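Here are the chains, one letter per residue:
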2 protein chains.
Amino acid sequence: MLAKSTEYAIRALVYVQLKNWEGKRPGVVEIAREIEAPEAFSAKILQTLTRHQLLDSAKGRGGGFFFNDEQTELSLYKIIHVMEGDGCFHRCGFGLKSCNNENPCPLHEQYKVVRDSFYDIVRKETIQSLSEKIKKGEAVLKRSIT
Amino acid sequence: MLAKSTEYAIRALVYVQLKNWEGKRPGVVEIAREIEAPEAFSAKILQTLTRHQLLDSAKGRGGGFFFNDEQTELSLYKIIHVMEGDGCFHRCGFGLKSCNNENPCPLHEQYKVVRDSFYDIVRKETIQSLSEKIKKGEAVLKRSIT
DNA sequence: TTATAAAAGGACAGCAGGGTCCTTTTATGA
DNA sequence: TCATAAAAGGACCCTGCTGTCCTTTTATAA
């Protein structure tokens, strides 16, 4: 399971992408409201994302968050990596420090399959692919349908 | 990912099962040492497990932990359920409160597959099946091979 | 050039999970 | 029957993630 901050991050980025496609640059207040996340905490998360250059921002009047030309196709993996590290893709499901193919815990083989397929998903899916689905009406970003 | 306490719980129960098969009833100190977990914390966890009747215990001299006649085939699911609830099998990977087949988040379909296959594993695998593997030498319980 | 709107940043508060310690209860073997 | 070995239980501490608040910096529009 992903950390809450990572979930917020992904939802925030999807919202930014959707707005960018409309030619807009949303700010913290708007983003937090739309993804149903606490405002100050969202600000912190967006800060982290821009510091790591997954996202761009403009200060001052008319500012806000947006993806620049080098920031297309942002995989969920990159976001997870920045927000909480990639431990969840390596760690043993059984909690053993050294568990691997040669020295497996009794869950190793089966757990690996699950972990790897999750890894495949987050490598393949991007903020853009998720946003596409929402734009097409195939999926939703929040509970209440506005 | 499972909580640390759940991991300790599973490892502890496997150790108890292995010892029970040898006709022994290990105590907290021994269990904690063998599964490489903090002693006092292990005691708390074992207490929880016996309180929920997943495990039996005997106080006083010659006491220790063991499985009684009604406690065979303990699935990992039951342990997870007792230790941390089963939220991880229901929650949306995207963090949405109401995400379901009718109102899916953009990760819903793919995440469901992963989550469900993890669920299948923990329903199928038991303390006994894991212990079997260790007994047969197909898997290990701890880092250092004693 | 100045008021204002926005992000950036630092300090700190709250809480749950992880973990410890000490006391109480219970059983048993000498 | 009593010393001892063991689990049970309660109170508490610590750390990291979640979350807030306030100040600073920066850009822009008037």
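Criteria and cut-off values
Residues numbered from 1 in each chain as written. Chains lettered and ligands numbered in written order. Predicted model: local features only at pLDDT ≥ 70, side-chain atom pairs only at ≥ 80, totals over all residues. Helix = DSSP H or I, 4+ residues; strand = E, 2+ residues; numbered from the N terminus. Buried ≥ 20, exposed ≤ 12 C-beta atoms within 10 Å, placed from the backbone. Contact = placed C-beta atoms within 7 Å. Near = placed C-beta within 6 Å. Nonpolar A, V, L, I, M, F, W, Y, C, P; charged D, E, K, R; others polar. Axes fitted to C-alpha atoms, helices over the stretch in contact; angles between N-to-C directions. Left-handed = near helix turned anticlockwise from the far one by under 90°. Least-squares fit on C-alpha atoms with pLDDT ≥ 70 in both. Core = buried A, V, L, I, M, F, W, Y, C linked by C-beta atoms within 7 Å. Parallel < 35°, antiparallel > 145°, perpendicular 65-115°, else oblique.

## A short note on the overall build of chain A
- In terms of helices and strands, chain A carries six helices and two strands.
- Each helix and strand of chain A, ordered N terminal to C terminal, gives the series α-α-α-β-β-α-α-α.
- For chain A, the C-alpha atoms occupy an extent of roughly 60 × 30 × 30 Å along the three principal directions.
- Burial statistics for chain A: of 146 residues in total, 36% are counted as buried.
- Long-range contacts, defined here as pairs at least 24 residues apart, represent 64% of the contacts in chain A between residues at least 6 apart.

## Some points on the protein's contact with DNA strand C
- DNA strand C sits among 25 residues. The nearest are G27(A), K4(B), P38(B), G60(B) and R61(B).
- In terms of residue count, the dominant contributor to the surface near DNA strand C is helix α3 (residues 39-51) of chain A (five residues).
- Looking at the surface near DNA strand C residue by residue, the classes come out as eight nonpolar, 10 polar and seven charged.

## Comments concerning the packing of helix α1 (residues 4-21) of chain B against helix α6 (residues 127-135) of chain B
All names here are of chain B.
- Running from amino to carboxyl end, α1 crosses α6 at an angle of 65 degrees, the nearest separation of the two axes being 9 Å. For the crossing formed where α1 meets α6, the hand is right-handed. Residues L13, V14, Q17 and L18 of α1 touch α6, and the partners they reach there are I127, Q128, L130, S131, I134 and K135.

## As for the relation of the copies chain B and chain A
- Expressed as a screw operation, the relation of chain B to chain A combines 0.0 Å of axial shift with a rotation of 180 degrees, fitting to an RMSD of 0.0 Å. This pairing of chains is accounted for by a two-fold axis.
- Both copies share a contact surface, since 100% of the interface residues of chain B are interface residues in chain A too.

## Structural notes on the interface of chain B and chain A
- Taken residue by residue, the interface counts 33 residues in chain B and 33 residues in chain A.
- If you list the elements that add at least two residues to the side of chain B that touches chain A, you get α1, α5 (108-124) and α6 of chain B.
- In terms of residue count, α5(B) provides more of the side of chain B that touches chain A than any other element does, six residues in total.
- Here the side of chain B that touches chain A is composed, by residue class, of 17 nonpolar, seven polar and nine charged.

## Points about the protein's contact with DNA strand D
- Taken together, the neighbourhood of DNA strand D is formed by 26 residues, with K4(A), S5(A), P38(A), G60(A) and G27(B) sitting nearest.
- Breaking the surface near DNA strand D down by element, the ones donating at least two residues are α1 (4-21) and α3 of chain A together with α3 (39-51) and β2 (64-66) of chain B.
- Among the elements that make up the surface near DNA strand D, the one with the highest residue count is α3(B) (five residues).
- Of the residues contributing to the surface near DNA strand D, the split by class is eight nonpolar, 10 polar and eight charged.

## Describing the nonpolar core
- Core analysis: the biggest nonpolar cluster contains 76 residues, and A9(A), A12(A), L13(A), A9(B), A12(B) and L13(B) have the highest contact counts within it.
- The contacts of L13(A), once residues within four sequence positions are left out, are L49(A), L55(A), L74(A), I79(A) and I127(A).

## Considering the packing of helix α5 (residues 108-124) of chain A against α5(B)
- Orientation of α5(A) relative to α5(B), taken along the N-to-C sense of each, is 170 degrees, at an axis distance of 10 Å. As judged from the angle between their axes, α5(A) and α5(B) are roughly antiparallel. Every residue of α5(B) that contacts α5(A) at Q110(A), V114(A), S117(A), F118(A) and I121(A) is listed here: Q110(B), V114(B), S117(B), F118(B) and I121(B).

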